[in-house]
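Structural overview
The lines below spell out each chain.
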Amino acid sequence: MKKFLIAVVLFSMLCAGCGRGENGISDTGNFSEIMEKEGIAPYELSEEEQFLLEAFGMTSDQSGIYTFRAPKEAKTLYINVYRLKADNTWELTGNGGISLGAEGVTAEPVSGTLTMELQEEYSIEFHVNCRGGYSFTSDTIVLDEKQLAGVKGRLEDFQNIEINKEIPLAVMVYDSGSSMRSYSPDDYFDPSVFDGMDLVQIVAVEFSSEEF
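Description of the structure in this document. As the structure is a prediction and not an experimental result, all values here were calculated from the model.

We now examine the nonpolar core. Core analysis: the largest hydrophobic core is formed by 31 residues, its most contacted members being Met116, Phe126, Val203, Val205 and Phe207. Counting residues per element, the ones that place at least two in this core are strand E2 (63-69), strand E3 (76-84), strand E5 (111-118), strand E6 (124-129), strand E9 (166-175) and strand E10 (199-208). Sort the elements by how many residues they give to this core and E9 lands first, with 5 residues. Counting 11 residues, the second-largest nonpolar core is a separate cluster that includes Tyr82, Val171, Val173 and Ile202.

In terms of strand pairing, E3 meets strand E4 (residues 90-99) through 9 bridges, oriented antiparallel. Across the sheet, Asn80 pairs through a bridge with Asn95, a residue of E4. Two successive antiparallel strands, E3 and E4, enclose a turn made up of 5 residues, where Asn88 displays a positive phi of approximately 65 degrees.

Turning our eyes to something else, we now look at unusual backbone geometry. The backbone of Glu121 sits at a positive phi, close to 55 degrees, despite the residue not being glycine. Counting through the fold element by element, Glu121 comes out in the loop between E5 and E6. Taking relative accessible area as the criterion, Glu121 reaches 45% and is therefore assigned partly exposed. Positive phi, close to 65 degrees, is recorded for Tyr122, a residue that is not glycine.

Here we come to the sheet that holds E10. Strand order in the open sheet made by the 5 strands is E4-E3-E10-E9-E8, with antiparallel pairing throughout. Both edges of this open sheet fall to E4 and strand E8 (149-154), since each of them pairs with a single strand only. Taken pair by pair, the neighbouring strands of this sheet meet at an average axis angle of 15 degrees, ignoring direction. Bridge count for E8 against E9 is 6 bridges, and the pairing is antiparallel.

Scanning the model with the defined rule gives 10 aromatic pairs in all. Relative to Phe136, the ring of Tyr134 has its centre 6.1 Å away and its plane inclined at 40 degrees; by these criteria the two rings are tilted.

Here we come to the environment of Val110. Turning to its location among the elements, Val110 is positioned in the loop between E4 and E5. Each C-alpha atom of the pair Val110 and Arg69 lies 5.6 Å from the other, and the pair is 41 residues apart in sequence.

Rules and cut-offs
- Residues numbered from 1 in each chain as written.
- Predicted model: local features only at pLDDT ≥ 70, side-chain atom pairs only at ≥ 80, totals over all residues.
- Heavy atoms only, no water.
- Core = buried A, V, L, I, M, F, W, Y, C linked by side-chain atoms within 4.5 Å.
- Buried < 20%, exposed > 50% of the residue type's maximum accessible area, 1.4 Å probe, protein only.
- Helix = DSSP H or I, 4+ residues; strand = E, 2+ residues; numbered from the N terminus.
- Pairing = 2+ DSSP bridges.
- Axes fitted to C-alpha atoms, helices over the stretch in contact; angles between N-to-C directions.
- Phe/Tyr/Trp six-rings, centres within 6.5 Å; stacked < 30°, edge-to-face > 60°.

So yeah, pure geometry; function would need other evidence.
Below, the structure written as structure tokens:
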């Protein structure tokens, strides 16, 4: 219930739901500046918004907020969470989707907001605000050893959206050692860079032309 309240209040402050001005874009804040064209980008919190997150015990290290403007042909937004297996292939541990078009038809670009927060046992909770609200949580993961080191990397800049192609948003890497290198979400495409790590998770989104 607390997480739901946080999402509702924060989304209201961001004004980044599907409300549109004359050009199909929210009329307020950073969102209108970033989303003048189709794409996805990290949302830069104002001091007031940052204070709200911290007041609810949510830190920027554990949370991520993104805004997007979907292509006209996109009918579904998929959110995929992967875990790297021992053979360097990805295993899907969480998947959610939200329709971007009314009855499967998107007449104009749709704007929205996606938030993610790391939970206990390596699960991830997501909230999407677009044509209404939607949320889901990925599977928990139980490890044999306590992880002493962990690094996180997130999408840092505006990213163009290619229809039916995944965009890595975040990477979380954990290991029982005491130190490790930094990683980027784009390392998703070359999983060999994670050799030796105990747990690797990737969050990726896909704007699909298929109906949900």
